[in-house]
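Structure assessment
Single-letter residue listing:
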Amino acid sequence: MYLQIFNNPSHGLAHLCYSSRVSCRVRLSRVLAMPPSSVLLHMDESNDLPKPKKGFCLSEDSRNSLNSLPADSLLRQANTVGIIGGVSTDSTLKFVKKLVDWSSNDGKSSLPFVLCSDPALNKELLLYEENSYPSLYHREESTPVDPKLIVENLRNKRRYLERCGAKLILMPCHIAHIWYEEVCEGSLVPLLHMGECIAKELQEAKMKPLEAGNPLRVGVMATSATLSAGFYQEKLQSNGFEAVLPDKATMEHTVIPSIEAMKRKDMEGARNLLRIALQVLLVQAVNVVMLGSDEMRDLLPGDDPLLKKCVDPMDALARSAIKWAENRCS
C-alpha cells in the first residue's frame, strides 16, 4: 500500500510505502497528484503515526517531526474537511478522488482536507459487517467485535481531525453510520450524515410518486448490518419518503447469494443476482434505489441501465461537503 502525507507546499511531502516484502526510502518532492493544502495520515490505534516495522519506511526523525506539530499547524483554512476512513481503503480513496475532482474548478485546486486511515478500525468495521452474515462466512465461531471499542476508535479519529484543523467531519462508510450519534457526542464541529445528505438531494430532485396519492417510494439496497441499523430508512421517512426494503425471500435468495458469489470471485454470478434484487425493488413502484453498499455499487458496470435508477449516498456526501465548503468561503 502506498500512502502520502501532505502539508505545506514549502515542506514538500513524505512518500511512504508499507510492504512485507519490499522496502523503500523516504522521498521528499513537490506535491503533484493532490492539492498541497491537504494531508493524508495513516494512523495506528493510538492515533500516532506508526513506528517503522516490516518495511514501513518513514524515518524516526520524520515521524517525530509530524507527531510534534502543534495542533493548529496542519491546516488553517476555514473550509478544511476531515475524513475518517472506513471498511475499505480503496473505497475511501475513491471517495477522496471524487471530492477532489468535483471541488476543483481549474483542475488544480480543490477544497483542503485531512484523511485519517487506521487499518485496525478498518478491520473492526469489516468484522462487524461480516458477523451480520454468520452463515455466509461458514464460521464455527464468529470473531467477537465490541461496538464500544469501534465507537471509541471513531471518536478518537474525530478528535484528531479536529486538532488537525478540520471544520467538518465526514465518514464515507455505511457501517460507521450505525454509531453516528455516539461519534458526534462532544464534537466541536459538524459531522455530515450520509442518510440526511441523500434524502435532501432526493427532495431537491422534486420527483413525483409513480402511484398517485402515495408518498414517493425509495428502495434501499444494503447489507444486513446496514439495513438492520435502520438509519437510512429513518432519514428517508423523516424527509417524507417511504423506504422500501428487500423482503426476506429476496435477501435469502438473491442479496446474500450475490455477496457469497463475490467472496468466491464469481463476479458475473454476483452481478446477475444483484440485478434481480434491484428489479424486485423497482417493480414495487419505487422511483429510485439507494445503494448503501460499496461492494454492490462497484459490482455493476458504469453503463448498466439499472444504475440510472440508483443513487449513491457516498456521492451525496461528497456534494454536500463541497456545498458546505463553498458556503464557508462565500
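Naming follows an unreviewed UniProt entry, where the protein appears as Aspartate-glutamate racemase family of Arabidopsis thaliana.

**As for the overall build of the protein**
Of the regular secondary structure elements, the protein holds twelve helices and eleven strands. The proportion of buried residues among the 330 residues of the protein is 52%. If you take every contact in the protein between residues at least 6 apart in sequence, the share linking residues at least 24 apart comes to 71%. Total accessible area computed for the protein in this model is approximately 16,300 Å², and 52% of it derives from carbon and sulfur atoms.

**With respect to the sheet that holds strand β10 (residues 288-292)**
One open sheet holds the four strands; their spatial order is β9-β8-β10-β11, and the pairing between them is parallel. With one partner strand each, in any of the chains shown, β9 (242-244) and β11 (310-311) form the two edges of the open sheet.

**Things to note about the environment of Leu-115**
In this fold, Leu-115 is placed in strand β6 (residues 113-117). For the pair Leu-115 and Ile-169, spaced 54 residues apart in the sequence, the C-alpha separation amounts to 9.9 Å.

**Observations regarding helix α9 (residues 248-263)**
Over its 16 residues, α9 extends 21 Å from the first C-alpha to the last, a length consistent with the 22 Å expected when each residue adds 1.5 Å. Along α9, the helix axis deviates most sharply at Pro-257, where the bend reaches about 30°. Among all positions in α9, only Thr-250, Met-251, Thr-254, Val-255, Ile-256, Pro-257, Ser-258, Ile-259, Ala-261 and Met-262 are buried. In this structure, the buried residues of α9 make contact with β8 (217-222), α7 (224-229), α10 (267-282) and α11 (294-299). Note on α9: the residue one or two positions beyond its end, Lys-265, has a positive phi of about 70°.

**Section: the packing of aromatic side chains**
The full count for this structure, using the stated rule, is two aromatic pairs. Ring geometry for Tyr-128 against Trp-179: centres 4.9 Å apart, planes inclined by 75°, an arrangement best described as edge-to-face. One end of the pair, Tyr-128, is in helix α3 (residues 119-130); the other, Trp-179, is in the loop between β7 (168-170) and α5 (180-184), with 51 residues separating them in the sequence. Both rings, one in Phe-231 and one in Tyr-232, keep their centres 4.6 Å apart while their planes meet at 50°; by these two values the pair is tilted. For the pair Phe-231 and Tyr-232, a shared accessibility class is recorded, and that class is buried.

**Remarks on the pairing of strand β5 (residues 81-84)**
Of the two faces of β5, the one holding Val-81 and Ile-83 and the one holding Gly-82 and Ile-84 are both buried throughout. Here β5 pairs with β6 via four bridges, running parallel. In the sheet register, Val-81 faces β6, and the bridge partner there is Phe-113. Two strands pair when backbone bridges link them, and β5 and β7 are joined in this way by three bridges, in the parallel orientation. From the neighbouring strand, Val-81 faces β7, where its bridge partner is Leu-168.

**Comments concerning the nonpolar core**
Ile-83, Leu-99, Leu-170, Met-221 and Leu-278 are the most contacted members of the largest nonpolar core, which totals 57 residues. Looking at which element gives the most residues to this core, the answer is helix α12 (residues 313-329), with eight residues. When residues of this core are sorted by domain, at least three fall in each of domain 1 (81-193 + 317-327) and domain 2 (197-313). With residues up to four places along the chain from it excluded, the contact list for Leu-99 reads Ile-83, Leu-111, Leu-170, Ala-318, Ala-321 and Ile-322. In terms of nonpolar packing, the next biggest core, distinct from the first, is built from 25 residues, Val-145, Leu-154, Trp-179 and Val-189 among them.

**Comments concerning unusual backbone geometry**
Here the phi dihedral of Lys-206 falls at roughly 55°; this positive angle occurs in a residue that is not glycine. Mapping Lys-206 onto the fold places it in the loop between α6 (194-205) and β8. Phi is positive for Lys-265, which is not a glycine, with a value near 70°. Following the sequence through the fold, Lys-265 ends up in the loop between α9 and α10. For Lys-265, a relative accessible area of 68% puts it in the exposed group.

Thresholds applied
Residues numbered from 1 in each chain as written. Predicted model: local features only at pLDDT ≥ 70, side-chain atom pairs only at ≥ 80, totals over all residues. Heavy atoms only, no water. Helix = DSSP H or I, 4+ residues; strand = E, 2+ residues; numbered from the N terminus. Buried < 20%, exposed > 50% of the residue type's maximum accessible area, 1.4 Å probe, protein only. Contact = heavy atoms within 4.5 Å. Areas by Shrake-Rupley, 256 points an atom, 1.4 Å probe, with all protein chains shown as cover. Pairing = 2+ DSSP bridges. Expected span 1.5 Å × (residues − 1). Bend = angle between axes of the 7 residues up to and from the residue. Phe/Tyr/Trp six-rings, centres within 6.5 Å; stacked < 30°, edge-to-face > 60°. Core = buried A, V, L, I, M, F, W, Y, C linked by side-chain atoms within 4.5 Å. Domains from an automatic or database assignment.

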